[in-house]
Amino acid sequence: MQGILIVDKPTDWTSFDVIAKLRGILGTRKLGHSGTLDPMATGVLPVFCGGASKAVDLQLDHTKAYRAVLRLGARTDTGDSTGTVLETAPVTAGEKELLDVLPQFIGPQMQTPPMYSAVKINGQPLYKMARHGIEVERKARPIEILHIEYEGSPAENEYTLTVRCSKGTYIRVLLEDIAAAMGQKGTMSALRRVAAGVYTEADAHTLEEIQAAKDAGPAALEALMLPVESVFASLPLLTVVPRVEQHLYNGCPTSRYPAADGRYRVRNEAGQFLGLATIVGGVLRVEKLFVERN
């Protein structure tokens with residue numbers, strides 16, 4: 001079974017927990033996932049199954065979108081409501097102050113990863129050090145916040161934001177920084193990923209739905225899979241004749257190819273997705289195949 005399964009990750013599960021569960025459901029260890037989610041977070045987790053796992057590192061769109069809740073009045077060691085409260089303070093700002101500061105967070109910026117994160121220093125994940133009360137210096141990393149939208153207040157001193165951002169952005173840190181810009185202490189009380197690259201909530205299935213499809217038979221499970229080609233939908237399509245198809249299988253270049261230089265997703269004349277190829281100086285070369293070689 002090959003394809004991309006978009007999982008709606010449940011709360012209190014790690015991304016690895018989801019993979020472990022799917023290995024049992026799908027009967028394969030050949031799985032990869034895109035974009036780790038914190039245990040408290042829910043939402044879109046793309047899982048690459050079988051031969052599609054080769055596409056994990058080739059994704060073109062790494063942007064993410066989240067719906068998060070900022071709670072004012074306290075700061076925690078983890079940056080979210082699962083952590084230990086380090087500091088409390090009276091709430092003296094609200095919706096107006098929030099709307100005033102949001103524009104300053106749009107655009108490229110530097111962000112320091114939190115201690116409770118999977119970032120490794122000298123081979124050791126930061127969260128393991130944090131659990132032992134160790135704090136180390138971390139280098140700020142470039143990120144970009146593409147869009148922030150205020151979605152309302154679900155409870156007193158809580159504010160829902162939708163954020164579209166680059167890969168590697170920590171929403172917990174962003175919300176703490178927003179609170180600080182308001183002159184407040186704040187933490188994240190809820191997080192849901194609503195999109196990962198080209199995949200959205202509309203594509204996602206719960207683990208219960210995936211198990212039910214498994215119980216219904218291979219066809220039902222296959223129907224939940226998105227094609228690996230969907231990762232590369234933004235690339236121009238190239239349809240090749242059998243002679244060129246064979247060249248791709250054999251790793252041979254095709255000279256004087258009648259198409260513009262660039263990167264392509266490639267199908268054969270039957271419409272089957274073959275993989276990725278590039279044309280440089282009129283020479284077509286295979287980049288990555290996602291079919292069995294003939």
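The coordinates are above.
Residue numbers restart at each chain and count upward from 1, following the sequence in its written direction. Since the coordinates come from a predicted model, pLDDT governs what is reported: local features require at least 70, and pairs of side-chain atoms require 80 or more to be given and counted, while whole-chain, interface and lining totals use all residues. Side-chain measures were taken over the full set of non-hydrogen atoms in the model, leaving aside hydrogen atoms and water.

Undergrad: What is the right way to look at the sheet that holds strand β17 (residues 283-289) in this model?
TA: Sheet strands pair by backbone hydrogen bonding; their relative direction is either parallel or antiparallel. DSSP-based pairing: two strands are paired if at least 2 bridges between them are found. Numbering of helices and strands starts at the N terminus; helices are DSSP runs of H or I of at least 4 residues and strands are runs of E of at least 2. Reading across from one edge, β14-β15-β16-β17 is the order of the four strands in this open sheet, with mixed pairing throughout. Two strands close off the open sheet at either side, each with one partner strand: β14 (237-240) and β17. The sheet shows a mean angle of 40 degrees between the axes of neighbouring strands, direction not considered. Bridging between strand β16 (residues 273-280) and β17 involves six bridges; their strand directions are antiparallel. Looking across to β17, one finds that A277 is bridged to V286. In this analysis, axes come from line fits to C-alpha atoms, helices being fitted only over the stretch in contact, and the angle between any two N-to-C directions falls in the range 0 to 180 degrees.

Undergrad: Mind showing me how you'd approach the pairing of β14 here?
TA: If a strand is regular, its side chains alternate between the two faces of the sheet. Under the scheme applied here, a residue whose accessible area is under 20% of the maximum for its type counts as buried, over 50% as exposed, and between as partly exposed, the area being computed with a 1.4 Å probe on protein chains only. Residues of β14 alternate between two faces, with L238 and V240 buried on one and L237 and T239 left unburied on the opposite face. Looking at chain direction, β14 and strand β15 (residues 262-268) are connected through four bridges and run parallel. Bridge assignment links V240 to a residue of β15, and that residue is N268.

Undergrad: Where do I start with the layout of surface pockets in this structure?
TA: Any space left empty among the atoms is revealed by the rolling of a water-sized probe across them. Every definition here rests on a 1 Å grid over the protein atoms only: cavities are sets of points where a 1.4 Å probe fits but cannot get out, pockets are open sets enclosed by protein on both sides within 12 Å along at least five of seven lines, and lining residues have some atom within 4 Å of a point. Grid points are joined across faces, edges and corners, and a volume is the space filled by probe spheres set on the points. Counted as a void, the largest pocket has a volume near 1,200 Å³. As for the largest pocket, its lining consists of 37 residues, and the residues nearest its centre are T36, L37, D38, A118 and Y170. Those elements giving two or more residues to the lining of the largest pocket turn out to be α1 (15-26), β4 (64-72), α3 (126-131), α4 (171-181) and β12 (186-196). Size it by volume and the second largest pocket reaches roughly 450 Å³. If you trace the second largest pocket, you find 23 residues lining it, with R75, T76, D77, R138 and E176 closest to the centre. By residue number, the principal contributor to the lining of the second largest pocket is α4, which donates five residues.

Undergrad: Looking at this model, I keep getting lost on the pairing of strand β1 (residues 3-9). Mind explaining?
TA: Among the seven residues that make up β1, seven are buried, leaving the element largely enclosed by the rest of the structure. Residues of β1 alternate between two faces, with G3, L5, V7 and K9 on one and I4, I6 and D8 on the opposite face, all of them buried. In terms of strand pairing, β1 meets strand β3 (residues 42-49) through seven bridges, oriented antiparallel. Of the residues in β3, the one forming a bridge with I4 is F48.

Undergrad: Explanation requested: the side chain of T160 in the structure shown.
TA: Along the chain, T160 falls in strand β11 (residues 158-165). With a relative accessible area of 12%, T160 lands in the buried category. Whether two residues touch is decided by their heavy atoms; if any such pair falls within 4.5 Å, the residues are in contact. In contact with T160, other than residues within four places in its own chain, are R67, A68, V69, E149, Y150, E151, G152 and P154.

Undergrad: I keep staring at empty space enclosed by the protein and nothing clicks. Help me out?
TA: For the structure on display, the rule yields one cavity of 30 Å³ or more. The calculated volume of the largest cavity comes to roughly 60 Å³. What lines the largest cavity is simply Q59, L60, D61, A196, G197, V198, Y199 and V231. When its residues are assigned to classes, the lining of the largest cavity shows five nonpolar, two polar and one charged. For this classification, Asp, Glu, Lys and Arg are treated as charged, while Ala, Val, Leu, Ile, Met, Phe, Trp, Tyr, Cys and Pro are nonpolar and the rest, including Gly, are polar.

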